[in-house]
Amino acid sequence: MAAERRGKAETLALRQRLLSASCRLFYPEEPIKMVRAGGQYMYDEQGARYTDCINNVAHVPDIGTLHIPQAQPGHLPLRTQCRCYLLRGSTTTGSEANDLALRLARRYTGHWDVVVLDHAYHGHLSSLIDISPYKFRDLDGQKEWVHVAPLPDTFRGPYREDHPNPAAAYASEVGRVVDRAQQAGRKIAAFFAESLPSVGGQIVPPTGYFPEAARHIRRAGGLFVADEIQVGFGRVGKHFWAFQLQGDDFVPDIVTMGKSIGNGHPLACVATTQAVARAFEATGVEYFNTFGGSPVSCAVGLAVLDVLEKEQLQAHASHVGSFLLELLRQQKARHPIIGDIRGVGLFVGVDLIKDEATRTPATEEAAYLVSRLKESYILLSTDGPGRNVLKFKPPMCFSLDNAQQVVMKLDAILTDMEEKVRSCKTLRLQAQGCP
């Protein structure tokens, strides 16, 4: 006998009674109880359909059983010329993949320290909280073996869009971080970087930054770890991997993958060079994971790759993403609150500001905008240090019509916000006796 479906109020009451408050809800003031989803849409208990602009876990349309081929455990078609291979099976979460990457780098180099970007987030394990400034600044603080380099943000960082060579300037900051660490007797094992920093505010590092940063890291004997957990598998459109945006000759030493690789199924993996893997194997201690290399998980991963290729979703991401960016740039010309539009493919950020000169984050306005969009059945969220960057990372089947609908609604809400501000200013002037 099927269990009776609980209503939203009962579900919330159970959640509050049984779950920790640290497991937070989206839209906590007025949560949505989703009961099903398909493609780029989610449906609540009343049947209302929401356009999902942020779910980068549900990467491709529903794969279903028809898409799942016979599994070939241990096989990962990376669809790139980088000299990488899968390290004995798969992991189950992106956090686990990054933790394994950290172990690989330390074993291969014999070093311990890690360089990371400011505002970075690499996972929820203790080892990864320690290398995630986004988290550790609110917890135990920075460990002595962690070294933080500036986020390569050309809108808010020290080297902006008017700098003649921001890539070299930001990479030089990595070099200075390495030099200071070595002068203190520290040894660098790895540099961890999201290929496109997401929590940091949907950042697109300037082209050439990674190769130059890698040169400084490798000079110190460390490895370059590209975290593709949020942005891999064709999301950027131009390439299958986001790190390829940095140039055809750039190849990381380790690549970590998760989220989209399983389309909601718990699947992740680590790819590295044979030399790094052999150093890890030389310990004589096997790498074991209860669910690693599961034929079911491998079949799911292969199905995702199959759908990406057969439905040409990488090209689709490029086409729709370019259209979305152009629509948003038109909005920037209309609304002063939009300070910057940045992104590639279906990875897009809209940086909201209070003032063009100071670029002060419009945090409250961003939260209000997201709330209003939800009322219009559009799901969007914010990120960045100031929680003022609207982040678009929709499922790969997000369409031209979806982009147009979302931007039209964004325009209407921003126009309404601006009219209310003008009305308030007028009322204040009238109260002061101004003509």
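Residues numbered from 1 in each chain as written. Predicted model: local features only at pLDDT ≥ 70, side-chain atom pairs only at ≥ 80, totals over all residues. Heavy atoms only, no water.

Trainee: Looking at this structure, how should I read the sheet that holds strand β2 (residues 41–44)?
Mentor: Where strands meet in a sheet, backbone hydrogen bonds hold them as pairs that are either parallel or antiparallel. What the four strands build is an open sheet, ordered β1-β2-β3-β13; its pairing is mixed. Looking at which strands have only one partner, the edges of the open sheet turn out to be β1 (34–38) and β13 (378–379). In terms of strand pairing, β1 meets β2 through four bridges, oriented antiparallel. Residue pairing in the sheet places A37 in a bridge with M42 of β2. (Pairing = 2+ DSSP bridges. Helix = DSSP H or I, 4+ residues; strand = E, 2+ residues; numbered from the N terminus.)

Trainee: What is the right way to read the sheet that holds strand β11 (residues 338–344) from this model?
Mentor: Across the sheet, which stays open at both edges, the four strands sit in the order β11-β12-β15-β14 with antiparallel pairing between neighbours. The open sheet is flanked by β11 and β14 (381–383), the only strands paired with a single partner. For this sheet, the mean inter-axis angle between neighbouring strands, taken without regard to orientation, is 30°. One ladder, built from six bridges, connects β11 with strand β12 (residues 347–352); its direction is antiparallel. Within β12, the position partnered with D340 by the bridge is D351. (Axes fitted to C-alpha atoms, helices over the stretch in contact; angles between N-to-C directions.)

Trainee: Please explain the confidence of the model for the protein chain as it appears in this structure.
Mentor: Detailed conclusions should not be drawn from predicted coordinates in areas where pLDDT is low. For the protein chain, per-residue confidence averages 90 on the pLDDT scale, and 90% of positions sit at 70 or higher. Counting contacts from residues 68–72, a segment whose pLDDT is below 50, to residues more than four positions away or on other chains yields eleven contacts. Ignoring residues within four places in sequence, the model shows residues 74–88, a span with pLDDT below 50, making 42 contacts including any to other chains. (pLDDT = per-residue confidence, 0-100. Contact = heavy atoms within 4.5 Å.)

Trainee: Teacher, can you tell me more about the nonpolar core here?
Mentor: What tends to happen in soluble globular proteins is that the nonpolar side chains get buried as a cluster. Ranked by internal contacts, the top residues of the largest apolar core, which has 81 residues, are F191, Y209, L328, L352, L369, L390 and F392. Excluding residues within four positions of it along the chain, L390 makes contact with V348, G349, V350, L352, A366, L369, V370, L380, S381, T382 and L410. By size, the runner-up hydrophobic cluster in this structure holds 25 residues, among which are A97, I129, F192 and V276. (Core = buried A, V, L, I, M, F, W, Y, C linked by side-chain atoms within 4.5 Å. Buried < 20%, exposed > 50% of the residue type's maximum accessible area, 1.4 Å probe, protein only.)

Trainee: Would you explain helix α8 (residues 274–281) in this entry?
Mentor: For the α-helix, the turn length of 3.6 residues means that residues three or four positions removed from each other point alike. Residues of α8 that are buried include every one of V276, A277 and F280, and no others. Taken around the axis of α8, the buried residues stretch over an arc of 95°, which confines them to a single face. (Arc of directions from axis to C-beta.)

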